[in-house]
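So you can see what is in the structure, the chains are spelled out below.
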Amino acid sequence: RDNFIHLCNPHLEKMKEDILYHFALGTGTHDFPALFGDVKFVCVGGSPSRMKAFITYIAEELGLGSPGCDHPNICAGTDRYAMYKVGPVLSVSHGMGIPSISIMLHELIKLLYHAKCSNITIIRIGTSGGIGLEPGSVVITRQSVDAAFKPQFEQVVLGKTVIRSTNLDEQLAQELMQCSKEIGQFNTVIGNTMCTLDFYEGQGRLDGAICSYNEEEKLKYLKEAYDSGVRNIEMESSVFAAMCNLSGVKAAVVCVTLLNRLEGDQISSSHDVLVEYQQRPQKLVGYFIKKSLGKV
């Protein structure tokens, strides 16, 4: 049965035109079903360059387009986000932090709705700080938790606090885990992901411009996080999970760990090592897409 995008906003039906301002796209100027109607997989990640690299990689993996061909940025009319498409795969950048990915997701979900897309899978690929894992390990998120280890996303709407669930699709997580086993190239675990509002104090680092705690307090907090099931820390997963849940979209978060936060705060691996680490989530998700399309 086809599963279409669910919009939690009755006001949109009354609008003659919907302008997706931060994408430089609009229903009055673009034919969304023609442009995006065949999309089945959406991959989102922080930087435009990483998402362009992903679409280039997936194009080669799926045998779409000529080798070395350029993939134009669909959102070239804005410098907020970048978007690339090849076949049934859409690749979109979301910037850094909850506010940035939230804005992108509002417009992405509307884009998929206007395009009449069905049976969509959205996967965030990215980097993170690991807890108790070797650098280079990949974490598939079971559920996103806040800085108090609660599986929820909290937002103030019209002056009132609204709390939304941050669970992710369990079957999709297991399918991704099976794909990693079949690839057999890097350590992969399923665990909780802590989503914070900040890279420094919010994640218990000792190397920011401001720090009001000592190393013993920091390690105590990170060990409590580990004991609660947290295996990595990043800054986007909670609102990503909450918004995908509300829109009825199957979603997953796949992040590589760049360091073990129990052993330090600064990322000290060489550029080449970090580049290889960052390719691991795209390899896993690329394999999953190929397998889903019967190309493995």
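Residues numbered from 1 in each chain as written. Predicted model: local features only at pLDDT ≥ 70, side-chain atom pairs only at ≥ 80, totals over all residues. Heavy atoms only, no water.

Identification of the protein chain as Uridine phosphorylase from Grus americana is taken from an unreviewed UniProt entry. Looking at the Function (unreviewed entry) heading of the UniProt record, one finds this comment for the protein chain: "Catalyzes the reversible phosphorylytic cleavage of uridine to uracil and ribose-1-phosphate which can then be utilized as carbon and energy sources or in the rescue of pyrimidine bases for nucleotide synthesis. Shows broad substrate specificity and can also accept deoxyuridine and other analogous compounds." As recorded by UniProt, the Sequence similarities (unreviewed entry) comment attached to the protein chain reads in full: "Belongs to the PNP/UDP phosphorylase family." (UniProt positions renumbered as here; feature names shortened; annotations may be inferred.)

Here the focus is the UniProt feature "domain: Nucleoside phosphorylase" (unreviewed entry) in the protein chain. On the UniProt side, "domain: Nucleoside phosphorylase" (unreviewed entry) is annotated at positions that read residues 40-289 here. Annotated as residues 40-289, this span is 35% helix and 27% strand, and its ends, taken at the C-alpha atoms, are 9 Å apart. (Helix = DSSP H or I, 4+ residues; strand = E, 2+ residues; numbered from the N terminus.)

A separate point is the nonpolar core. One finds Phe 23, Val 42, Leu 108, Leu 111, Leu 112 and Phe 240 to be the most contacted residues of the largest nonpolar core, which totals 41 residues. In terms of residue count, the dominant contributor to this core is helix H3 (residues 98-114) (eight residues). Contact partners of Leu 108, with chain neighbours within four places excluded, come to Phe 23, Val 42, Val 44, Leu 90, Val 92 and Ile 122. Counting 35 residues, the second largest nonpolar core, distinct from the first, contains Ile 55, Val 89, Ala 252 and Ile 289. (Core = buried A, V, L, I, M, F, W, Y, C linked by side-chain atoms within 4.5 Å. Buried < 20%, exposed > 50% of the residue type's maximum accessible area, 1.4 Å probe, protein only. Contact = heavy atoms within 4.5 Å.)

Attention shifts here to the packing of aromatic side chains. Within the structure shown, the criterion is met by five aromatic pairs. Aromatic pair Phe 23 and Tyr 81: ring centres 6.0 Å apart, planes at 85°, arrangement edge-to-face. Of this pair, Phe 23 sits in the loop between strand S1 (19-20) and strand S2 (25-26) while Tyr 81 sits in the loop between helix H2 (48-62) and strand S4 (83-86), placing them 58 residues apart in sequence. For Tyr 81, a relative accessible area of 6% corresponds to the buried category. The ring of Phe 199 has Arg 205 sitting right over it, with the charged end atom 3.8 Å from the ring centre. (Phe/Tyr/Trp six-rings, centres within 6.5 Å; stacked < 30°, edge-to-face > 60°. Lys NZ or Arg CZ within 6 Å of the ring centre and 35° of its normal.)

The next point concerns the environment of Asn 119. Relative to the elements of secondary structure, Asn 119 occurs in the loop between H3 and strand S6 (121-130). Given a relative accessible area of 32%, Asn 119 falls into the partly exposed group. Measuring from C-alpha to C-alpha, the distance between Asn 119 and Glu 182 comes to 24 Å, with 63 residues separating the pair along the chain. Apart from the residues within four sequence positions on either side, Asn 119 is in contact with Arg 1, Asp 2, Asn 3 and Lys 40. Side chain to side chain, Asn 119 and Asp 2 meet in a polar contact 3.1 Å long. (Polar contact = N/O pair within 3.5 Å; in protein donor to acceptor, adjacent residues only side chain to side chain.)

Turning next to the packing of H3 against helix H6 (residues 237-246). The description of two helices packed together rests on the angle between their axes and the distance between the axes. Close contact between H3 and H6 brings their axes to 9 Å; oriented N to C, the two are set at 20°. Of the possible angle classes, the one that applies to H3 and H6 is roughly parallel. Helix-helix and strand crossings are classified by hand; for H3 and H6 the assignment is right-handed. Contacts between H3 and H6 involve Ile 98, Ile 101, Ser 102, Leu 105, His 106 and Ile 109 on the former and, on the latter, Ser 238, Val 239, Phe 240 and Met 243. Classifying every residue of the contact of H3 with H6 by side-chain character gives seven nonpolar, three polar and no charged. (Axes fitted to C-alpha atoms, helices over the stretch in contact; angles between N-to-C directions. Parallel < 35°, antiparallel > 145°, perpendicular 65-115°, else oblique. Left-handed = near helix turned anticlockwise from the far one by under 90°. Nonpolar A, V, L, I, M, F, W, Y, C, P; charged D, E, K, R; others polar.)

A contiguous nonpolar patch, built from Phe 199, Tyr 200 and Ile 267 and spanning about 250 Å² of accessible area, is present on the exposed surface. Along the polypeptide, Phe 199 turns up in the loop between strand S10 (188-195) and helix H5 (215-227). (Patch = residues over 30% accessible without salt bridge, like charges linked within 9 Å, V, L, I, M, F, W, Y side chains within 5 Å. Areas by Shrake-Rupley, 256 points an atom, 1.4 Å probe, with all protein chains shown as cover. Salt bridge = Lys/Arg side-chain N within 4 Å of Asp/Glu carboxyl O.)

As a further point, take the side chain of Asp 18. With respect to the element layout, Asp 18 can be found in the segment before S1. Here the side chain of Asp 18 touches Lys 110 through a polar contact of 3.0 Å, side chain to side chain. A distance of 2.8 Å separates a polar atom in the side chain of Asp 18 from a polar atom in the side chain of His 114. Setting aside anything within four residues of it in sequence, one finds Asp 18 in contact with Leu 12, Leu 25, Gly 26, Thr 27, Lys 110 and His 114.

Overall, the coordinates contain eleven salt bridges when judged by the stated rule. Glu 276 is the salt-bridge partner of Arg 280, the closest N and O atoms lying 2.9 Å from each other. On the criterion of helical spacing, the pair formed by Arg 280 and Glu 276 is a turn pair, its members being four residues apart in helix H7 (residues 271-292). Owing to a relative accessible area of 14%, Arg 280 belongs among the buried residues under this scheme. Through salt bridges with shared partners, a single network forms among Arg 124, Glu 234 and Glu 236.

In this section: the pairing of S6. Where burial is concerned, most of S6 is hidden: nine out of the ten residues are buried. As judged from the four bridges shared by strand S3 (residues 41-45) and S6, these two strands associate in the parallel manner. Counted as the bridge partner of Val 42 is Ile 122 from S6. Taken together, the nine bridges between S6 and strand S12 (residues 250-260) define a ladder with parallel strand orientation. The residue bridging Arg 124 from the neighbouring strand is Val 253, located in S12. Bridge analysis of S6 against strand S11 (residues 230-234) gives two bridges, and the strand direction is antiparallel. (Pairing = 2+ DSSP bridges.)

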